[in-house]
Amino acid sequence: SEIDILSIAKLIWDGKLKIILITIIFILVSFFYATKQTPLYSFSLVVEKSKPIVFANYRNLNFIKFNDFTNNINAERVFESFFYNPMNLSEISEMLEDKFIVKKNLANSDSATRQKEISNLASSFKLRYVSAEEHVELDEPILRVSFKWKDADEGVQLLNLFLQANLEYTREKLINEVKDLYT
């Protein structure tokens, strides 16, 4: 039950050529695989509530027969509306399908593949509410928006488009709430 170190060393020394060849093959295969992969970039953005002064322009609107809605158009209300009622997956997919960036990248794909890729991209958009308790350095909750895309410049454009579409969606929701007060 003793281990003969000399016989193990001799066995390894005799098979050194095989070990070197296997190592070189795996290095080459790994290098080839890595160079053929499309890079994937992660995009992340932190959205914070704006200061109340930004909504000072809307203060006059708050007092025009909006008794039930008075002081509800503020940073907190817009932030909560943006976060708690974001665009759903089909709305995000629809927005992405219309964008040149996505069309360009999926131009050579068939319809089924295009729909699958758009759905995968839409589902990669994550909105995560981060409470002040989760991050000690924060005194206000924040919203973290993130997704993955294969081109850095296009990813920034997609992030901007996503935020603009979500802000427009939020604006329309707030306007509809005000309109509902009159009906």
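Residues numbered from 1 in each chain as written. Predicted model: local features only at pLDDT ≥ 70, side-chain atom pairs only at ≥ 80, totals over all residues. Heavy atoms only, no water.

Bringing the packing of helix α5 (residues 89-97) against helix α7 (residues 111-124) into the picture now. Where α5 contacts α7, the axes come no closer than 9 Å and their chain directions differ by 120°. With respect to α7, the axis of α5 lies oblique. As α5 runs across α7, the sense of the crossing is right-handed. Counted together, Leu89, Ile92, Ser93, Leu96 and Glu97 of α5 and Gln115, Ile118, Ser119, Leu121, Ala122 and Ser123 of α7 form the full contact between these two elements. Looking at the contact of α5 with α7 residue by residue, the class counts come to 6 nonpolar, 4 polar and 1 charged. (Axes fitted to C-alpha atoms, helices over the stretch in contact; angles between N-to-C directions. Helix = DSSP H or I, 4+ residues; strand = E, 2+ residues; numbered from the N terminus. Parallel < 35°, antiparallel > 145°, perpendicular 65-115°, else oblique. Left-handed = near helix turned anticlockwise from the far one by under 90°. Contact = heavy atoms within 4.5 Å. Nonpolar A, V, L, I, M, F, W, Y, C, P; charged D, E, K, R; others polar.)

As a further point, take the packing of aromatic side chains. All told, the structure shown has 1 aromatic pair when counted by the stated rule. Here the aromatic rings of Phe43 and Phe147 are separated by 5.1 Å at their centres, their planes lie at 15°, and the arrangement is stacked. With Phe43 in strand β1 (residues 41-48) and Phe147 in strand β3 (residues 142-149), this residue pair connects regions lying 104 residues apart in the sequence. A single burial state applies to Phe43 and to Phe147, both of which are buried. (Phe/Tyr/Trp six-rings, centres within 6.5 Å; stacked < 30°, edge-to-face > 60°. Buried < 20%, exposed > 50% of the residue type's maximum accessible area, 1.4 Å probe, protein only.)

For the structure shown, the criterion picks out 2 salt bridges. The partner of Asp14 in a salt bridge is Lys10, and the shortest N-O contact between them spans 3.2 Å. On the criterion of helical spacing, the pair formed by Asp14 and Lys10 is a turn pair, its members being 4 residues apart in helix α1 (residues 5-14). For the residue pair Asp14 and Lys10, the accessibility class agrees, reading exposed in each case. A salt bridge links Arg171 to Glu168; the shortest N-O distance between them is 2.8 Å. With Arg171 and Glu168 both in helix α8 (residues 152-182) and 3 residues apart, this pair spans about one turn of that helix. Judged by relative accessible area, which is 43%, Arg171 ranks as partly exposed. (Salt bridge = Lys/Arg side-chain N within 4 Å of Asp/Glu carboxyl O.)

Turning our eyes to something else, we now look at the confidence of the model for the protein. Of all residues in the protein, 77% have pLDDT values of 70 or greater, and the mean over the chain is 76. Taking the mean pLDDT of every element in the protein, the minimum, 50, falls on helix α3 (residues 59-62) and the maximum, 93, on helix α2 (residues 16-36). A low-confidence stretch, residues 62-67 stays under pLDDT 50, and its non-local contacts, those more than four residues away or across chains, total 11 contacts. (pLDDT = per-residue confidence, 0-100.)

Taken in spatial order, the 3 strands make up an open sheet running β1-β3-β2, and their pairing is antiparallel. Edge positions in the open sheet fall to β1 and β2 (126-130), since each of these has one partner strand only. Across the sheet, the mean angle separating the axes of adjacent strands is 20° when strand polarity is ignored. Sitting on the sheet, α7 is in contact with β2 and β3, with an inclination near 150° to β3. (Pairing = 2+ DSSP bridges.)

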